[in-house]
Every structure is written in C-alpha cells, then in structure tokens.
Amino acid sequence: MDLSPRHRLPFSLPGSWPACAEALLAQGAPWLQDGQTGEGLLGLPGGPVLASRWTGRAWETRLGDLRLPGSPWQALESALPEGPGPWVGAATCELACDEAGLPRQDLPPGTLGQHWTALRQALHLQDGQAELWSWEEPPPDPDLWRGRLGAIGERAEAVAAPALDLRPRWEEATHLAAVERIRERILAGDFYVANLCVPFDGAFSGSPAAFAQSAFLRARPPFGALLDLGGRHLLCLSMERLLARRGDRLWSQPIKGSVPLTGEAEADRRAGETLAADPKERAEHTMIVDLVRNDLGRVARTGSVAVSRPMAVEPYPTVQHLVSTVEAQARPGLGLAALLRSVLPGGSVTGAPKHAVCTHLAQAEAAPRGFYCGALGWIGPHGDLDLALPIRTAQIAEGHLTYWTGGGITRRSEATREWAELFLKTRALLG
C-alpha cells in the first residue's frame, strides 16, 4: 500500500493480531487488507468523515456537520486537503451512475451514496511486524494506541465465522428469462455485452470483524476491506482493480471470464488454458477492455492508452479469471471529479455501450446494487488513489447480509451456465 506516511514507528502489539484488529474495528476503524501480500492497515478511528445521501431529489454531501456544494465527486475533490493522509471509503453504483449521467434504479430518501474517512494515523502490519503510521505532526504516540487497544487477550486465532445460508432473491427461471432477454437485445443490436447481477440474502449474527478475518484468510483478496459506514458494515473480497493513479500514470485491470479452481494442478492448468481460448469469454473480455480503453481515453493524453498485459489467467483460492491491464497518462490538470466521472461505474460490471445497458439493467435487476459494483479503496490528498471494484462484497446491517454476484452476458451465453456462475462466485464468501 503506497500511502506515503510522514512517520513510521515500530510498534509492539499488546496481543494477537486478530484480537488487536477486532478491538479497533469495534471502535469504527476502517480496515484495508491485501490478501496476496498479507499487508493490513487499520486506521485510527475518529477522523473527519465525508458522506453523501440521496434526499429524493439530489445528493447532499456533508463533511461532518458542514454541507459541501457541488456534486458528490466535486465535494469529495474539494475535501481532499482536509485530511493530511488518505481518505478510505466507498461509493455506490447508483451515485456513480448519477455522476456519469447514466440511468439507475430509484432510491429511497436517506440512501447513503458515499462514505469516506480521512486517516491521520494508522496501524500497519506486514510479515507479523507492526508499525504506527502517521500523516501529521507530531509523530504517533504509542501510549495513545495502547490505550485505544485496551486490554487484549492472547487469543491466537480469529473467532469462527458464523454459518451463512444465502438465498438468491429470484428463482432460476427468472434468471434464465433475464439472460435470454439480454441475448435478444444483443442480437437486435441494442448493446454488445451486459453484466446481469443478483442479490443473495441471509441472516447474520456475530461479529463482522471476526467474519472479515475468517474471510480474508480463506479468500486472500488483493483488495480486502471492512468498513464501518455508520450502522452498516461493508466487507469486500475483491480481486479487481477499478482505477489507480500515481502522478500522471493511470491504470485499470478489468476482469471478465472465470472458471472454478479445484486445487488439482493439472486440471486447473487445463481449465485455465480452456478459459483463455474460449470464444465467448474472449469476446466478452475484449469488449470490456475496449470500453475501459475508451473511458480512460476521455481523460488521457492523446495516444497514451495501451493494453500492457492482455488476457492473463490469474488464479485465486476459488476461481481463475481473465485479467487485462489498461494504462494511460493523465491529461494535464486532470482533477479527481473528472477522472471518477469518466471511469465509474466500471465497464466490467455494466457493459457496452454503458447508457443502453444501464437503461436495461435499471429495469431488469431485482434491486439497486448499493456499494456492490461502485468503488472502494483510498484516495490521497493530492489525488493519487487505488480503488477496487467492490465485487465479492457483502453489505451487513441489522442482522441481515446481502451479497451480490453476477456475470457478463453475450450472444454466446448459455443461461444455465450463467446461473451456475452466480453460485460459484459465492464461494469467496462461503468457502
């Protein structure tokens, strides 16, 4: 995590990592976790919070008690200097649609659209070694952190995650019909590919922190996160980078195409080769890469957009995916609001062309997606950022968990195969 803290001090944890993490999470700390490297970052709770809510007519954004002018992305851009360090949080698919001028489902007044917390200090852990990070003066006080952690037991492992019984919100016949309707519209020339998504629901009891620790160990997501959004927890197990920026370098890593990972080396090798050669998967992936190239091209220097790593087969604990890397150089003076407006919502979870697809999905899907398929990660005070596409993401509130899954539909899609893929993608959460 290239977050460039001003201070980095070694810190001796007063107990096991699971116990320390749970103590801070109980106080509302935002948690980012790279399951590939084991690197974790827990922010010190209590930093400034920026949030946007739907009033029924428009989005209203507040920084604490202060109402900010402009659209949500403009308000976020204007607030970045208020945090000496990065802002950690997430935004919904529906807010992104509004910013991009795309159709979306109706929302009830009070719906949360984005929630970002400015970090001033954080606890960083990698390879069993902890550090205190700070983006402000004076340097972090270890005694303050020990006080926040409180009395920590020597529990060696995370608490077992609660058992979940997730049920899709609609039946197989409904999904098959929805897939066929998209295929009909593709054959009619209305669009090329559409990403159809379905919410799964279940009762949830226990600790979101313990559940997250168990899920991170099992799924090892590159873009893991547990965020407290004020009465709602967002658990992200994503492997897809939506958008990153370092200076004038921009890049995105869209995912399209998947097969199960069994753990049998030879069988998985053959499955990966079959995935990479599958005409349906290649066509779907190519269309999404072209869409991402177009999105970045709107805010890039002319001629700078390139696919640097096309259609790589990448394995994760439960699945293999086709992943491409699309890079570009930002045009001079590119601000955060314009950048987010050009890329969000992500092409791999909408389809092409975006406006036609979003018009159809706003009528076809079972509910608004919320933070699923929006954006999640960190944004630095000067505009550098690393945002995941929150797929494999659960929204937990009031004893209820909602977990969406979906897949890209093309003219070659088989409806029964698309239904089975929904359940494959629940394995990241359920094991």
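Details of the structure are given in the entry above.
Here's what I pulled together on the structure shown here. (Residues numbered from 1 in each chain as written. Predicted model: local features only at pLDDT ≥ 70, side-chain atom pairs only at ≥ 80, totals over all residues. Heavy atoms only, no water.)

1. Digging into the layout of surface pockets
Phase 1: Roughly 380 Å³ of volume is contained in the largest pocket.
Phase 2: Forming the walls of the largest pocket are 21 residues, and the residues nearest its centre are D34, P222, F223, R241 and D386.
Phase 3: Mapped by element, the contributors of at least two residues to the lining of the largest pocket are β2 (31–34), β13 (223–228), β15 (241–246), β21 (375–379) and β22 (385–388).
Phase 4: Among the residues making up the lining of the largest pocket, the classes are represented as ten nonpolar, four polar and seven charged. (1 Å grid on protein atoms, 1.4 Å probe; cavity = no way out; pocket = protein on both sides within 12 Å on 5 of 7 lines; lining within 4 Å. Points joined across faces, edges and corners; volume = space filled by probe spheres on them. Helix = DSSP H or I, 4+ residues; strand = E, 2+ residues; numbered from the N terminus. Nonpolar A, V, L, I, M, F, W, Y, C, P; charged D, E, K, R; others polar.)

2. Focus: the packing of aromatic side chains
Phase 1: Throughout the structure, instances matching the rule amount to eight aromatic pairs.
Phase 2: Note on W17 and W31: the rings are 6.4 Å apart at their centroids and 75° apart in plane angle, and the pair reads as edge-to-face. Residue W17 is located in helix α1 (residues 17–25), and its partner W31 is located in strand β2; the two are separated by 14 residues in the primary sequence. W31 shares its class with W17; the two are buried. (Phe/Tyr/Trp six-rings, centres within 6.5 Å; stacked < 30°, edge-to-face > 60°. Buried < 20%, exposed > 50% of the residue type's maximum accessible area, 1.4 Å probe, protein only.)

3. Some thoughts on unusual backbone geometry
A negative phi angle characterises most non-glycine residues, just as the trans form characterises most peptide bonds.
Phase 1: The peptide bond linking L344 to P345 adopts the cis configuration, its omega dihedral lying at -10°.
Phase 2: By the element assignment, P345 lies in the loop between α9 (336–343) and β20 (351–352).
Phase 3: Look at the link from A352 to P353: it is a cis peptide, with omega at -10°.
Phase 4: Here P353 lies in the loop between β20 and α10 (354–364).
Phase 5: One non-glycine residue with positive phi stands out, namely R392, at about 50°.
Phase 6: Here R392 is to be found in the loop between β22 and β23 (393–397).

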